[in-house]
Amino acid sequence: MTRRALTVLAASLLAPRAARRLTGASQAAQATLLSAPLTLTGDWGKSPENTARLVVLRMREVCLSGIALLSDRQPQLLNVDGHTTGFPHIELGQKPADAAFIAVDIGTRAWAQLAYQFGHELGHVFCNTWQPGSVAQTPSQWLEESLVEAFSLRGLGLLADSWIRDPPIAGSSAYGAAIREYRDNQVEKYRVADGGPVADMGSWFHAKRHALDALGGVNPIAAPAIVAFLAEYERDPRCVEDLGAVNRWPQRSAVPIETYLQLWRASCAEIKAPGRMPDKVSGILGLG
Ligand SMILES: [Zn+2]
């Protein structure tokens, strides 16, 4: 009998209780969005790839630390692909199938821009948009885009604080203030976009719904919603945990927002997420 056959025999003789414990251990070994190995590929131009890696790792850490990651669809590898042209996006259909592929396109050593782009795409992965076939569709695509844009802006604020305290690049703590400024400028742009700030979000949504339903990407038209969602995340970080329940239904975003919010609530209950953000979104948009 070979050594391997002996091992198999020994395994088959394990008491059911011990076997159950082994199953439990192998489940616990599954990676989360925070613990999955992170690799970099592609063309980083004149930006040192090693530094890009440090920035991306720190951004992931601040975005997800203290956040319960409850999705049953978390990638086992996260790859960040550098590009010198095009827009940041999720690359669908890559191999291996249990890996999420994020494409970014940054200026030379533009680390705040890298963190911002990566944070947005990480938000999509958090919302279960990374597996083959997870294509976003109207009319509720704008909602996911706005939720993940706010997720990235929250992360940028945390990154600024973290960078000042403990810079990932030695001697660069002053860059934390630059990240803070970059983030604040972006939030301010959204705050005043499209005639904002908006006082009555319900009326705003009623007036803009038709335009929002047609949107295929993050768009300044949705700026008031992005600002409002960011405020909810910052008031109650547990709202962020509900992103893990997004899109866990076959129709994904191809349903009207009222249906989307119902499906999101049910999905939160299934994975034991807090279920606070669907109610917040509903309240903000005057949907009851
Ligand atoms: Zn997006």
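Below is a short write-up of the structure. It should be emphasised that the depicted structure is a prediction, and the values quoted were computed from it without experimental measurement.

### A closer look at the environment of Pro 167
By secondary structure assignment, the location of Pro 167 is in the loop between α5 (141-165) and α6 (175-192). C-beta crowding within 10 Å serves as the criterion here: with 16 such atoms nearby, Pro 167 is assigned to the partly exposed category. Separated by 113 residues in the primary sequence, Pro 167 and Leu 54 have C-alpha atoms spaced 9.9 Å apart. Residues contacting Pro 167, with those up to four places away along its chain left out, are Ser 172, Ser 173, Tyr 175 and Gly 176.

### Focus: the nonpolar core
As a rule of thumb, nonpolar side chains are buried together in soluble globular proteins. Membership of the largest hydrophobic core comes to 66 residues, with the highest contact counts inside it found for Leu 114, Ala 115, Phe 118, Phe 151, Leu 159 and Ile 226. It is α5 that provides the largest number of residues to this core, a total of 12 residues. Counting contributing residues per domain, this core is built from domain 1 (38-126) and domain 2 (141-284), each supplying no fewer than three. Sequence-distant contacts of Leu 159, that is, excluding residues within four places in its chain, are made with Arg 58, Met 59, Val 62, Ala 115 and Ile 179.

### Thoughts on the packing of helix α3 (residues 49-64) against helix α4 (residues 111-126)
One way to put it is that α3 packs onto α4 with a least axis distance of 9 Å and a crossing angle of 50 degrees. The pairing of α3 with α4 is recorded here as oblique in orientation. The two elements α3 and α4 meet at a crossing, and its hand is right-handed. Counted together, Ala 52, Val 55, Val 56, Met 59, Arg 60 and Cys 63 of α3 and Trp 111, Leu 114, Ala 115, Phe 118, Gly 119 and Leu 122 of α4 form the full contact between these two elements.

Cut-offs and rules
Residues numbered from 1 in each chain as written. Predicted model: local features only at pLDDT ≥ 70, side-chain atom pairs only at ≥ 80, totals over all residues. Helix = DSSP H or I, 4+ residues; strand = E, 2+ residues; numbered from the N terminus. Buried ≥ 20, exposed ≤ 12 C-beta atoms within 10 Å, placed from the backbone. Contact = placed C-beta atoms within 7 Å. Core = buried A, V, L, I, M, F, W, Y, C linked by C-beta atoms within 7 Å. Domains from an automatic or database assignment. Axes fitted to C-alpha atoms, helices over the stretch in contact; angles between N-to-C directions. Parallel < 35°, antiparallel > 145°, perpendicular 65-115°, else oblique. Left-handed = near helix turned anticlockwise from the far one by under 90°.

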